[in-house]
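# Architecture at a glance
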Amino acid sequence: MSLHEYAVMGMTAAVVGASGYAGGELLRLLLAHPALDVGPLMARSGAGRPVGEAHPHLPELADRVLQPIRPGELAGADVVFLAVPHGASAAIAAQLPAGPVVVDLGADHRLTDPADWAGYHDEPYAGSWTYGLPELPGARAAVRASRRIAGPGCYPTATTLALAPLLAAGLVEPLDIVVVAASGTSGAGRSTTRPASDVLADVTAYQVGGGHQHVPEIRQTLRAAAGDAVTLSFTPVLAPLPRGILATCTARLRAGVDTAGLRAALEAAYAGEPFVRLLPTGRWPHTAATTGSNACHLQVAADPAAGRAVAVAALDNLGKGAAGQALQCANLALGLPESAGLTASGIAP
């Protein structure tokens, strides 16, 4: 079936949490989608407000009023995106009708181990859904066959895409992984984003010492790639930019591994992937190059003096790190072309 035929069928997407940053990015992408119409728009604290007040960059939706969250009213949607804060989506998901595909952008359904959830969250464990990172081995087929999909976190997406192929190929040691990742301020969500005056010309680490809620998710994905236990030191950094993630990931090299071997592993893993780009040798990722896109840019090199691999990933935390990846998964689950409504090209300057 062609995209035109899908469009004629009037497939509809609902967004729960439409007043937030990720919700707004979903709306922007859906407005340009060739086969999905913007359907019900619901919000928590933003209910009753016009979309134009929350998202003045979306004039086509300016007069639409955000409705209270009523899961029972979403039966007619083909896909429901849950773009609410971590810990809030499980209760909503439990009340959703069985028909629509559901993609959760929050953390509630990502973890397979209840102990991992309990160590970082106060809410009850809600179980795990299909993990929606299509570029992982076997993940694309699993997403296509699923009606409930857990969208990965932004930090885990960048870190996993950078390191998983190296671990799977046995090129680096799984028990000595260090990640320092900088994120733009929108990664904290609209309700907790600090004023520009507080972050301008300032860079700061936060939740240091393994305290960030994405740590168990990163461990989970890297453990699956390595087929063994991993040891992870993860330090998130708040950077003075609205959106973007730059993850610098290092791991101890196995004997005899050089830059060429590391590059070969990434090239083999992502050959033909529409949204993951291994940059030419010597060219390192920039967050700005991925802004507004669903792309992840990668580079890798061996540091022989330190005996470590250095893999760097850049992506838009609201794109491939949230809304773009959620739409990528929805396309797969709905039988649409995976790249429908998405682009690997960023915007500049």
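Above: the structure in question.
Presented here is a report on the structure given in the accompanying data block. Worth saying up front: this structure is predicted, and the values here are computed from it rather than measured.

Each value, and the rule that gives it
- Residues numbered from 1 in each chain as written.
- Predicted model: local features only at pLDDT ≥ 70, side-chain atom pairs only at ≥ 80, totals over all residues.
- Heavy atoms only, no water.
- Helix = DSSP H or I, 4+ residues; strand = E, 2+ residues; numbered from the N terminus.
- Contact = heavy atoms within 4.5 Å.
- Expected span 1.5 Å × (residues − 1).
- Buried < 20%, exposed > 50% of the residue type's maximum accessible area, 1.4 Å probe, protein only.
- Arc of directions from axis to C-beta.
- Pairing = 2+ DSSP bridges.
- Core = buried A, V, L, I, M, F, W, Y, C linked by side-chain atoms within 4.5 Å.
- Axes fitted to C-alpha atoms, helices over the stretch in contact; angles between N-to-C directions.
- Salt bridge = Lys/Arg side-chain N within 4 Å of Asp/Glu carboxyl O.
- Parallel < 35°, antiparallel > 145°, perpendicular 65-115°, else oblique.
- Left-handed = near helix turned anticlockwise from the far one by under 90°.
- Nonpolar A, V, L, I, M, F, W, Y, C, P; charged D, E, K, R; others polar.

Along the chain, the position of Thr159 falls in helix H7 (residues 154–168). Aside from chain neighbours lying at most four places away, what touches Thr159 is Val179, Ile218, Leu222, Ala247 and Cys249.

Mapped onto the secondary structure, Pro304 falls in the loop between strand S13 (296–303) and strand S14 (308–315). Separated by 147 residues in the primary sequence, Pro304 and Thr157 have C-alpha atoms spaced 27 Å apart.

Now for helix H10 (residues 259–270). Over its 12 residues, H10 runs 17 Å from end to end, which matches the ideal 16 Å to within 8%, given 1.5 Å per residue. Listed in full, the buried residues belonging to H10 are Leu262, Arg263, Ala265, Leu266 and Tyr270. Burial along H10 is one-sided: seen end-on, the buried residues are contained in an arc of 155 degrees. Exposed and facing more than 90 degrees away from the buried side of H10 are Ala260 and Ala268. As for H10, its buried residues are in contact with H7, strand S8 (172–183), strand S11 (245–253), strand S12 (276–278), S13 and S14. Gly272 sits one or two positions beyond H10 and adopts a positive phi of about 80 degrees.

A few words now on the environment of Gly272. Assignment of secondary structure puts Gly272 in the loop between H10 and S12. Assessed through its relative accessible area of 78%, Gly272 is described here as exposed. Between the C-alpha atom of Gly272 and that of Leu96, which follows or precedes it by 176 residues, the distance is 36 Å.

So, on to the sheet that holds strand S1 (residues 11–16). Here seven strands make up an open sheet; going across it, the order is S3-S2-S1-S4-S5-S7-S6 and the pairing parallel. Bordering the open sheet on either side are strand S3 (67–68) and strand S6 (130–131), each of which pairs with just one other strand. When strand S4 (residues 79–82) meets strand S5 (residues 101–104), the two strands line up parallel, connected through four bridges. Across the sheet, residue Phe81 finds its bridge partner in S5, namely Val103.

Counting 42 residues, the largest nonpolar core has Leu163, Leu166, Val172, Ile177, Val179, Phe234 and Leu262 as the members making the most contacts within it. The residues touching Leu262, leaving out its near neighbours within four places in the chain, are Leu166, Leu171, Val172, Leu253, Val257, Val300, Ala301, Ala302 and Ala309.

This part is about the sheet that holds strand S9 (residues 204–205). What holds strands together in a sheet is hydrogen bonding between their backbones, with the strands either parallel or antiparallel. With respect to topology, seven strands assemble into an open sheet ordered S9-S10-S8-S11-S14-S13-S12, the strand pairing being mixed. The open sheet has two free edges, formed respectively by S9 and S12, since each of these has just one partner strand. Where S8 and S11 come together, eight bridges link them in antiparallel fashion. Pairing of Val172 across the sheet is with Leu253, part of S11. Across the sheet, H7 lies against S8, strand S10 (232–238), S11, S12, S13 and S14, angled at about 150 degrees from S8, the strand it touches most.

Quick look at the pattern of salt bridges now. For the structure shown, the criterion picks out 13 salt bridges. Note that Glu25 is salt-bridged to Arg243, the shortest N-O span being 2.9 Å. Pair noted here: Glu25 is in helix H2 (residues 21–31) and Arg243 is in the loop between S10 and S11, with a separation of 218 residues, a long-range link. Between Glu217 and Arg110 there is a salt bridge whose closest N-O contact spans 3.1 Å. Pair noted here: Glu217 is in helix H9 (residues 215–226) and Arg110 is in the loop between S5 and helix H5 (114–118), with a separation of 107 residues, a long-range link. One salt-bridge network, in which partners are shared between bridges, spans Glu25, Arg28, Arg243 and Asp316.

Across the junction of Ala348 and Pro349, the peptide omega takes the value 0 degrees, indicating a cis bond. By secondary structure assignment, the location of Pro349 is in the segment after helix H11 (319–333). For Gln207, which is not glycine, the phi torsion reads 45 degrees and is therefore positive. Along the polypeptide, Gln207 turns up in the loop between S9 and H9. A relative accessible area of 37% means that Gln207 is categorised as partly exposed.

Structurally, the position occupied by Arg263 is in helix H10. Judged by relative accessible area, which is 12%, Arg263 ranks as buried. C-alpha of Arg263 to C-alpha of Ile149: the two residues are 114 residues apart in sequence and 30 Å apart in space. Leaving out residues up to four positions away in the same chain, Arg263 has contacts with Leu278, Leu279, Pro280, Thr281, Gln299 and Val300.

To continue, consider the packing of H7 against H9. Running from N to C, H7 and H9 cross one another at 20 degrees; their axes reach a closest spacing of 8 Å. The orientation of H7 relative to H9 falls into the category roughly parallel. When you trace H7 past H9, the crossing you get is right-handed. Side by side, H7 and H9 meet where Tyr155, Pro156, Thr159, Thr160, Leu163, Ala164, Leu167 and Ala168 of the first sit next to Glu217, Ile218, Thr221, Leu222, Ala225 and Ala226 of the second. The residue inventory of the contact of H7 with H9, partitioned by class, reads 10 nonpolar, three polar and one charged.

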